[in-house]
Amino acid sequence: MKFFIDTANLQEIQEAHDLGVLDGVTTNPSLMAKEGIFGHDNVMAHYKKICEIVDGDISAEVIATDYENIIKEGEFLAELHPNIVVKVPMIRDGVKAIRYFSEKGIKTNCTLVFSAGQAILAAKAGATYVSPFVGRLDDVSTDGMQLIDQIVQIYSNYGYQTQVLAASVRHVMHLVQCAEIGADVVTCPLNVITSLLNHPLTDIGLQKFLADHAKGNK
Ligand code: E4P
């Protein structure tokens, strides 16, 4: 399972990269705004900085919601760097644009997916990734993980090449359940990745090993 970090914060991206387990990055307009990155040129420059840190797929989201402009924006983004994946919302013109990008060999991430039907459409259109939002479904009392399970099953039934990118992953249990189900990718904040390190028995065990080692070296 690939690990993507879901942030536009360069320090956090660098930290996850330095841990040696990072495969890619997802961003969205809210994450860019959170970092105070506004304006076309600043946003494009920021994507380039992310691409310099991580040699993996970097999702950059289009703002346009009509076909012509999604294509224009997506082609511009794809030209920025070979690792850019054009993130396109699950809307009618978005699906049409994903088909276009797929035929042009431009990688896409179909975002804001909340149902198995939407995921089937994304795969039929030729999306490279589909992003079902687990946490946001949980937020409205719907089992987000069940959706991941459903999509993985459906894609396997038909051999769809679209990779299931579990998004809106909020905690370690989400991540572990995605691995059990067989999601291709999870994208999550840095703290979810670093939380995987933690177990109290590891800390207690290490303290004991070091204390016993120190006894013999007095
Ligand atoms: C996906 O690519 C989105 O950027 C993201 O995972 C949304 O997460 P959130 O629901 O925590 O905002």
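About the criteria used
Residues numbered from 1 in each chain as written. Predicted model: local features only at pLDDT ≥ 70, side-chain atom pairs only at ≥ 80, totals over all residues. Heavy atoms only, no water. Helix = DSSP H or I, 4+ residues; strand = E, 2+ residues; numbered from the N terminus. Buried < 20%, exposed > 50% of the residue type's maximum accessible area, 1.4 Å probe, protein only. Contact = heavy atoms within 4.5 Å. Areas by Shrake-Rupley, 256 points an atom, 1.4 Å probe, with all protein chains shown as cover. Lys, Arg positive; Asp, Glu negative; His and termini not counted. Charge placed at Lys NZ, Arg CZ, Asp CG, Glu CD. Arc of directions from axis to C-beta. Polar contact = N/O pair within 3.5 Å; in protein donor to acceptor, adjacent residues only side chain to side chain.

Peer 1: Requested: an account of the overall build of the protein, with residues and values cited.
Peer 2: A tally of helices and strands in the protein yields eleven helices and eight strands. The dimensions of the protein, computed from C-alpha atoms along their principal axes, are 75 × 40 × 30 Å. Relative to its full complement of 218 residues, the protein shows a buried share of 46%. The contacts in the protein between residues at least 6 apart in sequence include a share of 57% that link residues at least 24 apart. Accessible surface, the protein: about 11200 Å² in total, of which carbon and sulfur atoms supply 53%. A distance of 1 Å separates the average location of the 17 positive side-chain charges in the protein from that of its 26 negative side-chain charges.

Peer 1: Summarise helix 1 (residues 10-18); cite the residues concerned and give the values.
Peer 2: Turning to helix 1, its buried residues number three or more, namely Leu10, Ile13 and Ala16. Each buried residue of helix 1 sits inside an arc of 130° when the element is viewed along its axis, so together they form one side. In helix 1, the exposed positions that point more than 90 degrees away from the buried face belong to Gln11 and Asp18. Those residues of helix 1 hidden inside the fold are in contact with strand 1 (2-6), strand 2 (24-26), helix 3 (40-53) and helix 10 (190-195). Between the side-chain oxygen at the start of helix 1 and the backbone nitrogen of Gln11 there is a gap of 3.0 Å, and the oxygen is on Asn9. Two residues or fewer past helix 1, Gly20 is found with a positive phi of approximately 85°.

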